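Residue-level structure breakdown
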2 protein chains.
Amino acid sequence: MTHAVRHDAMRAGNLAVVLGALDRRGPLTRAALAEATGLSKTTVSKLVGDLIEAGMAVERGTVGDGERGRPGMAVGLSGHRVAALGLEINVDYLAGCVVDLSRTVRLLRTQATGNRSGAPAEVIGRLRTLAETLLAEAAGLGLSVAGCIVALPGPVDQATGNIHRAPNLGWRDVEVPGLLELPLPVLADNEANLAALGELWFGSGAALGDFLHVSGEIGIGAGLVVEGALFRGAHGYAGELGHVVVSPDGPQCRCGATGCLERYAGQDALLTPEENMTGLVARLHAGDATALAACEKAGTALGVALSSAVNLFDPDTIVLGGIFAPLFPWVSGPAEATLHRRLGQMRARVPAVVVSQVGADGASLGAAGQVIQRIIADPGAFLLAPQR
Amino acid sequence: MTHAVRHDAMRAGNLAVVLGALDRRGPLTRAALAEATGLSKTTVSKLVGDLIEAGMAVERGTVGDGERGRPGMAVGLSGHRVAALGLEINVDYLAGCVVDLSRTVRLLRTQATGNRSGAPAEVIGRLRTLAETLLAEAAGLGLSVAGCIVALPGPVDQATGNIHRAPNLGWRDVEVPGLLELPLPVLADNEANLAALGELWFGSGAALGDFLHVSGEIGIGAGLVVEGALFRGAHGYAGELGHVVVSPDGPQCRCGATGCLERYAGQDALLTPEENMTGLVARLHAGDATALAACEKAGTALGVALSSAVNLFDPDTIVLGGIFAPLFPWVSGPAEATLHRRLGQMRARVPAVVVSQVGADGASLGAAGQVIQRIIADPGAFLLAPQR
DNA sequence: CCGATTTAGTCTATGTTGTGGACTAAATAC
DNA sequence: GTATTTAGTCCACAACATAGACTAAATCGG
């Protein structure tokens with residue numbers, strides 16, 4: 001239900017409207033803010049005053065654009081006080097970052113460690129150490145970290161932040177947020193979802209329109225961003241592109257079905273057991289026929305699965321991330337050709353296939369960005385937060 | 001952007017909160033409403049007064065449940081004044097209905113006419129006559145019709161309500177809402193989307209959880225309902241289940257691709273040119289081997305396409321409507337078996353496949369219901385509407 | 001160089017809305 | 001028949017946004 005609107009909710013809502021306008025339209029004068037939001041100058045002045053006092057906005061000097069009249073004082077988001085922590089647990093690394101309110105990356109650490117079949121408590125302990133280091137450094141920068149989201153490689157219960165199962169880690173039903181024991185609110189989300197948001201805020205962003213972000217790792221996940229917000233299915237199991245049908249009579253998949261995309265374009269299908277991604281890319285550059293054929297096949301299969309996804313989701317753009325980012329030159333051609341072959345006649349516009357602009361840090365950046373997004377959407381809840 | 005909250009918006013929001021509570025939780029006393037919404041008794045009393053005056057709510061008598069204390073006066077949605085018009089243009093019929101605020105169907109008319117390759121102006125003229133008849137009858141019942149939505153068999157631009165192309169009607173870029181020239185606000189939407197909403201409000205409804213509604217006609221469309229709201233892709237082209245891949249090397253489809261679901265389970269794939277649906281069902285009941293085999297094949301193909309859709313959308317339930325409703329006994333078995341085969345090992349819960357509870361009127365009912373939904377979500381805009 | 005004009009931002013009186021608590025109404029409990 | 005309990009209304013008050021007057025600081029034109 002839409003919640004009851006009392007006076008305090010009205011104020012909180014308008015605070016969010018002003019902060020949101022600053023976020024989307026860059027620095028603005030109070031007069032321009034009043035124009036943009038439809039609020040009166042008086043109200044905007046009061047709200048801006050509160051935001052400045054809370055360290056969420058700053059005056060950025062007068063804008064004397066040569067026009068007549070008194071020049072306005074530009075007000076913009078301030079990255080000097082409020083910040084967010086993003087963390088990621090993946091199969092072979094841990095990552096963490098601190099992003100400030102203006103979505104500037106202030107700190108970023110990656111730690112290569114084998115977490116495959118590591119005990120949850122042990123892995124989470126290492127992540128806690130990483131997080132505490134980042135929090136201490138953030139405090140040194142004068143930043144007040146308001147919250148944290150952890151990216152996890154598997155479906156996450158949105159209500160609790162617990163991960164139901166992470167096949168690639170060998171985990172089942174682990175209460176990650178609780179076990180982290182950090183002195184701030186902690187939530188968790190699916191790595192594929194957060195990588196899509198990372199692309200939105202730290203990659204090509206709004207230029208993509210509504211986009212489907214494909215994050216191939218061991219499995220292949222996809223996150224859909226519609227009008228700047230993530231589409232989540234019913235229970236966080238949406239976007240499982242890896243098990244979309246490519247050919248119903250295809251090879252057996254570990255999921256029990258046959259002919260899933262993962263069998264054609266998953267990491268295990270492309271790499272030989274003793275080879276890593278760098279090796280494969282080297283072979284591709286050298287013109288190795290086997291490697292080129294495998295990528296051609298993977299790209300075509302990806303195109304088939306994506307054509308189904310486009311029919312169902314209807315995105316403007318498709319972004320290839322994860323393992324498909326380094327393989328993009330070899331995979332995107334066949335994928336795009338297949339998309340055009342299957343969709344070109346029916347649709348006025350076939351989605352473009354582009355490469356992700358954020359690397360492996362996409363998920364942790366998206367996690368921190370999501371915290372920032374929540375703060376901007378409801379700054380009232382953070383105005384009274386302790387300042388360092 | 002979230003819109004600025006002024007005093008009038010605060011009041012409008014609270015009106016919506018109260019009306020929404022009445023809609024979802026049935027008749028309630030003012031005291032119970034205050035409890036449910038978090039508003040004070042005073043405020044609830046004032047808001048309820050306005051709603052009663054506007055004819056959107058009525059007192060339904062005291063609830064003397066034997067408890068101590070003064071008995072409360074139950075207040076419920078009133079279906080006596082505000083209503084909505086739903087229309088549908090399909091290949092071989094026109095349909096129209098009037099639904100009141102309490103989502104009771106007050107009037108329902110279907111008109112069998114061949115609209116395939118009929119000139120838009122002519123077909124819309126017939127629809128206008130139908131609409132005007134319904135509006136006159138509604139006025140006779142004391143109903144004030146606040147708005148209208150038209151269901152169309154093809155992708156619809158949400159901003160304008162114009163249909164871009166309707167292959168089964170042979171239409172391109174027709175401004176249906178404008179051409180109707182009705183004396184009330186008219187919008188349009190995709191037939192598959194509205195049929196899904198029809199199932200939500202006039203069929204099995206909330207018991208389904210988040211569901212995917214498959215509406216097979218000539219083409220096969222799907223509408224996804226998440227938390228009581230429709231998921232729309234980027235431009236209203238989402239949910240094209242008919243062109244999801246079943247087998248990439250399958251037969252040529254009219255869309256230019258190969259092996260689309262439509263070629264296995266579309267109306268044209270199941271019926272011989274000289275046969276209609278009734279004939280097919282009769283043959284199935286008689287045990288005709290060819291017909292049974294065709295349905296088995298269609299059901300399996302549907303299961304394959306749906307397994308991809310479930311991987312991407314993650315619904316709780318799948319509802320089969322349109323041509324799949326009469327064919328349900330023969331199609332659902334193979335479809336469900338295929339879903340279990342492909343998804344059973346990976347997912348804790350495979351979506352149940354159920355039959356639609358609303359017939360061919362689903363889309364026009366959903367259209368009217370959507371208007372009602374909008375009124376309930378923002379009653380403020382209709383409080384000053386002319387009363388009959 | 002100085003007044004007219006224009007735009008930015010603040011200040012003050014006012015209006016709308018929701019709230020808490022006092023008050024009235026109408027039932028059951030003893 | 002009185003005490004108790006719950007429903008609903010009334011009234012004084014508080015929170016917030018607003019309109020318009022007012023001050024501040026620039027450009028324009030002579």
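Residues numbered from 1 in each chain as written. Chains lettered and ligands numbered in written order. Predicted model: local features only at pLDDT ≥ 70, side-chain atom pairs only at ≥ 80, totals over all residues. Heavy atoms only, no water.

How we decide: UniProt positions are given in the numbering used here, feature names are shortened, and annotations may be inferred rather than shown by experiment.
Chain A is annotated in an unreviewed UniProt entry as Sugar kinase of Sphaerisporangium melleum. Taken verbatim from the UniProt record of chain A, the Sequence similarities (unreviewed entry) comment is "Belongs to the ROK (NagC/XylR) family."

**A short note on the overall build of chain A**
The condition is simple: Secondary structure is summarised from DSSP: a helix means a run of H or I of at least four residues, a strand means a run of E of at least two, and numbering begins at the N terminus for each. Buried residues are those whose accessible area, probed at 1.4 Å on protein chains only, stays under 20% of the maximum for their type, while exposed residues exceed 50% and partly exposed ones sit between those limits. Methods summary: accessible areas were calculated by the Shrake-Rupley approach with a probe of 1.4 Å, and residue burial reflects only the protein chains presented. Charge counting follows a simple rule: Lys and Arg are positive, Asp and Glu are negative, and His as well as the terminal groups are ignored. Lys charges are placed at NZ, Arg charges at CZ, Asp charges at CG and Glu charges at CD.
Within chain A one finds 13 helices and 15 strands. The principal-axis extent of the C-alpha atoms belonging to chain A is close to 70 × 50 × 45 Å. Sorting the 388 residues of chain A into buried and exposed places 58% on the buried side. Of the roughly 15,400 Å² of accessible surface on chain A, 52% is carried by carbon and sulfur atoms. Computing the positive centroid from 30 side-chain charges and the negative centroid from 37, chain A places the two 6 Å apart.

**Details of the sheet that holds strand 2 (residues 57–63) of chain B**
The strands that make up a sheet pair up through hydrogen bonds in the backbone, lying either parallel or antiparallel. Residues and elements named next belong to chain B. Test applied: Strands pair, by our definition, only if DSSP identifies at least two bridges between them.
Spatial ordering of the open sheet is given by 1-3-2, a layout of three strands whose pairing is antiparallel. One side of each edge strand has no neighbouring strand; the edge strands of this open sheet are strand 1 (28–29) and strand 2. For strand 1 and strand 3 (residues 72–77), the ladder comprises two bridges, and the chain directions are antiparallel. Within strand 3, the position partnered with leucine 28 by the bridge is valine 75.

**Observations regarding the environment of A:Leu302**
Residues and elements named next belong to chain A. We apply this condition: Here, two residues are considered to be in contact whenever any of their heavy atoms come within 4.5 Å of each other.
Within the fold, leucine 302 resides in helix 10 (residues 289–313). A C-alpha to C-alpha distance of 8.5 Å links leucine 302 and proline 334, two positions 32 residues apart in sequence. Not counting residues up to four positions away in its chain, the partners in contact with leucine 302 are Leu261, Leu320, Phe324 and Val331.

**A word on the interface of chain A and chain B**
How big an interface is tends to be stated in terms of accessible area lost as the parts join. How we decide: Buried surface area refers to the total accessible area, computed with a probe of radius 1.4 Å, that the two partners give up upon joining, counted for both partners together. Put simply, a salt bridge is a Lys or Arg side-chain nitrogen that is within 4 Å of an Asp or Glu carboxyl oxygen. Polar contact criterion, stated in full: a pair of N or O atoms within 3.5 Å, where within protein one must be able to donate a hydrogen and the other to accept it, and residues adjacent in sequence count only if both atoms are side-chain atoms.
Counting residues at the interface gives 58 residues for chain A and 58 residues for chain B. A combined buried area of about 5,100 Å² lies between chain A and chain B, and 57% of that area is made up of carbon and sulfur atoms. The tally of links between chain A and chain B comes to zero salt bridges. Counting the contacts that link chain A with chain B gives 16 residue pairs in polar contact (both at pLDDT 80 or more). For the side of chain A that touches chain B, the secondary structure elements donating two or more residues are helix 1 (7–25), helix 2 (30–37), strand 12 (220–226), helix 10 and helix 11 (328–343) of chain A.

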